[in-house]
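Structural overview
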Amino acid sequence: MKFTGTKNYVATEELQLAVNAAITLQRPLLIKGEPGTGKTLLAEEVAAALDMPLITWHVKSTTKAQQGLYEYDAVSRLRDSQLGTDKVHDISNYIVPGKLWEAFTSEKQAVLLIDEVDKADIEFPNDLLLELDRMEFYVYETQETIKASQRPLVIITSNNEKELPDAFLRRCFFHYIRFPDRETMQQIVDVHFPNVQQELVEKALAVFYDLRDIAGLKKKPSTSELVDWIKLLMSDELARDQLLSKDASSSVPPLSGALVKNEQDAGLLERLAFMMRRQNS
Amino acid sequence: MLIDFFEEVRAAGVPATPRELLDLIRGLQADLAFAEIDDFYLLARTCLVKDEKYYDRFDLAFSSYFKGIGSLDELLEKVIPDEWLRQTFEKFLSEEDRKKIKSLGSLEKLMEEFKKRLEEQKERHAGGSKWIGTGGTSPFGHGGYHPEGIRVGGESKNRSAAKVWEKREFRNFDDSLSLGNRNIQVALKRLRQFARTGAAEELDLDSTIKATARNAGYLDLKMVREKHNSVKVLLLLDVGGSMDDHIEMVEELFTACRTEFKHLEHYYFHNCLYESVWKDNNRRFNERIPTMDLIHKYGPDYKVIFVGDASMSPYEIAVAGGSVEHFNQEPGQVWLKRVTNNWKKTVWLNPVPEKYWGYTQSISMINQLMEKRMYPLTIEGLDAAMKELVK
């Protein structure tokens, strides 16, 4: 079982090796990288490529580790007891399995994506150490142990908003998705737009990388923004002509709203364009 | 077998543990990187390095450890007689390779192939590439990572000549700061005051059960408001001048505070607190806020944290008109007194190491003014400061 990227997803050799190491040695794989470099997408594509079901656990600031294991729905049990339903006698009717449980008991080996683990409380990863290590946990209410029949492939993404505890890191493999270089980016664009004008892509990539080089941008545009932008350019003939005909450096790139996502950055672009025009004239 | 390499990586400051070394060895056993230094590099990095800020250190350790292996192929040609090489070769061949050799015809042919590849390598990159040497041609004592690893037959991936670990692309990420962000957060965690605010959304199980029982078994749901950290923090930061040396440390602290506290206000001052402060360093001369306004605006329940090196001329604290930037009507110490009088919970965090405090007069003066509540900007100091604030 080896992951080599898919027809929709360009995986660098580095990334392939990391994924394959995680598959072979059955360790969770922690993926970091700039937003928009395809961290979450990776799990989806791995699942698709290896034909494994994907189970996604989106982590929020209020998520507790316990929710990933199971939850005991005491309230509905109480309610049922009022109505005198029969199922109230069996507590297991009120145990709601979480995503980890689902992944552990999945018939086929599953890919478990723990998305944006850094959003949760600082202690969250620590609470999952044993579960991810042994791939088992204990349900107190029913006194049973849930053990993974096939260890799921765990992919964890982080946006680096919080640092993760050491003990957790030691148990994972780690890969940092670097921002793709031009060559890789060309491949990515080709994958998404197989029949786009080559000239347009070249120009767009040039503008895109220039934009990323501007010092002082609050949020640099990333891959997903580039893809959106090219999509827009393709649907808007006027903008496309503008990009192709004009000297890109002396004006704000057309439809730049797709690339730059906040006021300050947009303002910065306009000021730069203004300065360029003044220099040129 | 990789102990030396592991030591080297640790010596370079990458916090790798034996557990991770075992992982790496397991990975090699599973043939994830077979006699291919690029793959080995990636695998080792995946296993040993858990934060991109250590990539650079790892690259350094890697290149220093494997330096010289690249030139092995030349040595191989010069030093070792064919005969001898062949013997070592046979010794190192695995079952699989032997089969392959059979399919290739003879060892003779294989040797030719091998030599040809050596030739090819040298033509392509001056000085030889590393891949062929990596096979743990251990007769030379280079401690190759895979003793049986001369890759005979099979495909070699001829990659671009630039070696990733020598490019050191992650130079910027290394922070080497004494305070890790997580450590700061853990220390700041002490400063928590839980209070229930906002809408009642959480089920209060205990009182629900009580109320239900009182209600003759009929369900009576009781909700409570969720717990939040309601601590309020006023951060006063010294900027410019001698603080430039400590910028990174202060930035980290600031970031950690930002994520930890919901009610966080921050203002800047220079060297010592005077009659006005500012919020934005670009507009520090136009948009100043009177310190008196701060005292009126933020109630005594705020915790005040000063961050500054407190290193200045004593006149800047003690004398009216002593400020380096403007003429101050009242000396800085009057303002500091006002602050400590208004907010009972006030601490001063100083990025200057504690052992130097005695050598700067102004530091002891401010420490005096703060009633000995000055703490060094280290984890222990931060911890102690937070304890002081929640007392």
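Residues numbered from 1 in each chain as written. Chains lettered and ligands numbered in written order. Predicted model: local features only at pLDDT ≥ 70, side-chain atom pairs only at ≥ 80, totals over all residues.

1. Topic: the overall build of chain B
To keep things clear, this is the line we draw: Every helix listed is a DSSP run of H or I at least four residues long, and every strand listed is a run of E at least two residues long, numbered separately from the N terminus. Two residues qualify as being in contact provided that their C-beta atoms, derived from the backbone, are within 7 Å of each other.
Check the secondary structure of chain B and you find 17 helices and nine strands. Expressed as a percentage of contacts within chain B between residues at least 6 apart in sequence, the contacts between residues at least 24 apart total 70%.

2. Observations concerning the overall build of chain A
Our working rule: Using C-beta atoms placed from the backbone, we call a residue buried if 20 or more other C-beta atoms fall within 10 Å of its own, exposed if 12 or fewer do, and partly exposed for counts in between.
Check the secondary structure of chain A and you find 13 helices and nine strands. Expressed as a percentage of the 281 residues in chain A, the buried residues total 32%. Contacts in chain A between residues at least 24 apart in sequence constitute 75% of all its contacts with a sequence separation of at least 6.

3. Observations concerning the nonpolar core
Heads up, the rule is: Note on terminology: a nonpolar core is a set of buried residues of type Ala, Val, Leu, Ile, Met, Phe, Trp, Tyr or Cys, with members joined through C-beta atoms within 7 Å.
By size, the foremost hydrophobic cluster in this structure holds 80 residues, and its most contacted members are Leu29(A), Val111(A), Ile155(A) and Leu43(B). Among the elements that take part in this core, helix H3 (residues 37-48) of chain B stands out by supplying eight residues, more than any other. Judged by nonpolar contacts, the second largest core, of 45 residues, contains Leu237(B), Ala256(B), Ala310(B) and Val347(B).

4. Let's talk about the pairing of strand S1 (residues 29-33) of chain A
Consecutive side chains of a regular strand alternate in pointing toward one face of the sheet and then the other. Residues and elements named next belong to chain A. How we decide: A pair of strands is treated as paired once DSSP finds two or more bridges between them.
By the criterion of burial, S1 is predominantly enclosed, with five of the five residues buried. Every second residue of S1 is oriented toward a common face, with Leu29, Ile31 and Gly33 on one face and Leu30 and Lys32 on the other, all of them buried. Taken together, the five bridges between S1 and strand S9 (residues 173-177) define a ladder with parallel strand orientation. When the bridges of S9 are listed, Leu29 appears paired with Phe173.

5. Describing the pairing of strand S3 (residues 232-238) of chain B
All names here are of chain B. Note the threshold: If the strands point away from the viewer and the path from the first strand over the helix to the second runs clockwise, then the crossover is right-handed.
Burial of S3 is extensive: six of the seven residues sit out of reach of the surface. In this view, the connection linking S3 to its parallel neighbour strand S4 (residues 263-269) by way of helix H12 (residues 247-260) has right-handed handedness. Note that S3 and strand S7 (residues 303-307) share five bridges and pair parallel. Of the residues in S7, the one forming a bridge with Leu237 is Val307.

6. A few points about the environment of Arg277(A)
Assignment of secondary structure puts Arg277(A) in helix H13 (residues 263-280). Between the C-alpha atom of Arg277(A) and that of Ser251(A), which follows or precedes it by 26 residues, the distance is 7.5 Å.

7. Points about unusual backbone geometry
Within the chain, Asp51(A) stands out as a residue other than glycine whose phi angle is a positive 55°. Along the chain, Asp51(A) falls in the loop between helix H2 (39-50) and strand S2 (54-58). Exposure remark for Asp51(A): the 9 C-beta atoms within 10 Å place this residue in the exposed category. Of note in the backbone geometry, Ala310(B) takes a positive phi value of approximately 55° without being a glycine. Exposure remark for Ala310(B): the 26 C-beta atoms within 10 Å place this residue in the buried category.

8. Some remarks on H3(B)
Going by this rule: How far a helix is expected to stretch is found by multiplying one less than its residue total by 1.5 Å.
End to end, H3(B) covers 16 Å across 12 residues, agreeing with the expected 16 Å (1.5 Å per residue, within 8%). Among the 12 residues in H3(B), 12 count as buried, and that is most of the element.

9. Description of H12(B)
An α-helical segment advances 3.6 residues per turn. Residues three or four places apart therefore align on the same side. All names here are of chain B. What counts, and what does not: Within this analysis, the arc is defined by the directions that extend from the helix axis to the C-beta atoms.
Here H12 is 14 residues long and its end C-alpha atoms lie 20 Å apart, about the 20 Å a rise of 1.5 Å per residue gives. When we look at burial in H12, the residues that qualify are Met249, Val250, Leu253, Ala256 and Glu260. The arc that holds the buried residues of H12, viewed along the axis, is 125°, so those residues lie on one side. Exposed and oriented more than 90 degrees from the buried face of H12 are Ile247, Glu251 and Arg258.

10. Describing the packing of helix H9 (residues 182-192) of chain A against helix H10 (residues 198-213) of chain A
All names here are of chain A. Threshold: Only the contacting stretch of a helix is used when fitting its axis, a line to C-alpha atoms as for every element, and angles between N-to-C directions run 0 to 180 degrees. Note on angle classes: values under 35 degrees are labelled roughly parallel, values over 145 roughly antiparallel, values of 65 to 115 roughly perpendicular, and the remainder oblique. Crossing handedness: left-handed means the near helix sits turned counterclockwise from the far one by under a right angle, and right-handed means the same turn made clockwise. Residues are grouped as follows: Ala, Val, Leu, Ile, Met, Phe, Trp, Tyr, Cys and Pro are nonpolar; Asp, Glu, Lys and Arg are charged; all remaining types, including Gly, are polar.
Relative orientation of the contacting elements H9 and H10 amounts to 130°, with a least axis distance of 11 Å. Accordingly, the angle class assigned to the pair H9 and H10 is oblique. Like other packed secondary-structure pairs, H9 and H10 cross with a definite hand, here right-handed. Residues Arg182, Met185, Gln186 and Val189 of H9 form the contact with H10, whose own contacting residues are Val201, Leu205 and Tyr209. Taken together, the residues of the contact of H9 with H10 sort by class into five nonpolar, one polar and one charged.

11. Details of the interface of chain B and chain A
On the chain A side, the residues contacting the 27 residues of chain B number 24 residues. Only helix H2 (18-29), H3, helix H10 (181-189) and helix H11 (205-214) of chain B provide two or more residues apiece to the side of chain B that touches chain A.

12. Regarding the confidence of the model for chain B
All names here are of chain B. The test is simple: Note on scores: pLDDT gives the predictor's confidence for each residue, bounded by 0 and 100.
Within chain B, residue pLDDT values average 72, and 67% of them lie at 70 or more. Low confidence marks residues 122-163, where pLDDT is under 50. Its contacts with residues over four positions away, or in another chain, come to 84 contacts. Scored below 50 in pLDDT, residues 168-178 makes 19 contacts in the model with residues more than four places away or belonging to other chains. As scored by the predictor, the complex reaches a pTM of 0.58 and an ipTM of 0.78.

13. Description of the packing of helix H1 (residues 3-11) of chain B against helix H4 (residues 55-66) of chain B
All names here are of chain B. At their nearest, the axes of H1 and H4 sit 8 Å apart, and the two run at 140° to each other. Relative to H4, the element H1 is oriented oblique. Regarding H1 and H4, the two cross each other, and that crossing is right-handed. Facing Phe5, Glu8 and Val9 of H1, the residues of H4 in contact are Phe58, Ala61, Ser64 and Tyr65.

14. Considerations on the sheet that holds S1(A)
All names here are of chain A. One open sheet accounts for five strands, arranged S2-S5-S8-S1-S9; its pairing is parallel. Both outer strands of the open sheet, S2 and S9, are each paired with one neighbouring strand and no more. Each neighbouring strand pair of the sheet contributes to a mean axis angle of 20°, computed without reference to strand direction. Packing of H2 onto the sheet brings it into contact with S1, S2, strand S5 (111-115), strand S8 (153-158) and S9, and relative to S5 it is tilted by some 170°.

15. Here's the deal with the environment of Lys345(B)
Take Lys345(B): it is sitting in the loop between helix H15 (332-342) and strand S8 (346-350). Sequence-distant contacts of Lys345(B), defined by excluding residues within four places in its chain, comprise Lys303(B), Val304(B) and Leu389(B).

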